[in-house]
Amino acid sequence: QVQLVESGGGLVQAGDSLRLSCAASGRTFSNYVIGWFRQTPGKEREFVTLISSGGGLTDYADSVKGRFTISRDNAKNTVYLQMNSLKPEDTAVYYCAASYTVATLKNRASYWGQGTQVTVSS
């Protein structure tokens, strides 16, 4: 079992940068694939990015490629999402999620954080 807590959200202007953190508890954090999702009212939760347990594999949604970077520090039980060149359409609640495999993360992640709000003004 792992518990996840997101932080770092806030209100920024278009073109600004923001860094989100996902702090995890649990003795087996390094075994998990970690991903970020986002959700806006009236829409289903959208996949943003993921990182493998060792950090060697990453994947990004087309909408954020080249702008967002995911990384992890297993010694600190933390995953980061660096968001650059933010756009108004990036506005959403951002959630951290964990699963044991890449294949299952997008469809049925085992654990979720409570989310952090990111608002990008034009």
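If you're wondering where the values come from, they're calculated on a predicted model, not measured in any experiment.

(A) Region of the structure containing the pattern of salt bridges. Under the defined criterion, the tally for this structure stands at five salt bridges. With a shortest N-O distance of 3.4 Å, Lys 106 and Asp 59 are connected by a salt bridge. On the criterion of sequence distance, the pair formed by Lys 106 in helix H1 (residues 102-108) and Asp 59 in strand S6 (residues 58-60) is long-range, its members being 47 residues apart. Exposure remark for Lys 106: the relative accessible area of 41% places this residue in the partly exposed category. Its salt-bridge partner being Asp 62, residue Lys 65 comes within 3.1 Å of it at the nearest N-O pair.

(B) Region of interest: the state of the cysteines. Tallying each qualifying case throughout the model produces one disulfide. Sulfur-sulfur distance for the disulfide between Cys 22 and Cys 96 comes to 2.0 Å. Between Cys 22 and Cys 96, the S-S dihedral sits near -80°, and the bridge is therefore left-handed. One end of the pair, Cys 22, is in strand S3 (residues 18-25); the other, Cys 96, is in strand S9 (residues 92-99), with 74 residues separating them in the sequence. The same class applies to Cys 22 as to Cys 96, namely buried.

(C) Layout of the sheet that holds strand S1 (residues 3-7). Spatial strand order, S1-S3-S8-S7: four strands in an open sheet with antiparallel pairing. Looking at the sheet topology across the chains shown, the edges are occupied by S1 and strand S7 (68-73). Strand after strand, the sheet turns through a mean of 15° between neighbouring axes, direction not considered. Relative to strand S8 (residues 78-83), S3 runs antiparallel, the two being bridged by six bridges. In the sheet register, Arg 19 faces S8, and the bridge partner there is Gln 82.

(D) Highlighting the environment of Arg 108. Along the chain, Arg 108 turns up in helix H1. In sequence terms Arg 108 and Ala 98 are 10 residues apart; their C-alpha atoms lie 9.4 Å from each other.

(E) Broad picture of the pairing of strand S5 (residues 46-51). S5 sits mainly inside the fold: five of its six residues count as buried. In this sheet, S6 lies alongside S5 in antiparallel orientation, the contact comprising three bridges. Paired with Thr 49 across the strands is Tyr 60, a residue of S6. Joining the antiparallel neighbours S5 and S6 is a turn of six residues, in which Gly 55 adopts a positive phi near 85°.

Criteria and cut-off values
- Residues numbered from 1 in each chain as written.
- Predicted model: local features only at pLDDT ≥ 70, side-chain atom pairs only at ≥ 80, totals over all residues.
- Heavy atoms only, no water.
- Salt bridge = Lys/Arg side-chain N within 4 Å of Asp/Glu carboxyl O.
- Helix = DSSP H or I, 4+ residues; strand = E, 2+ residues; numbered from the N terminus.
- Buried < 20%, exposed > 50% of the residue type's maximum accessible area, 1.4 Å probe, protein only.
- Disulfide = S-S within 2.5 Å.
- Pairing = 2+ DSSP bridges.
- Axes fitted to C-alpha atoms, helices over the stretch in contact; angles between N-to-C directions.

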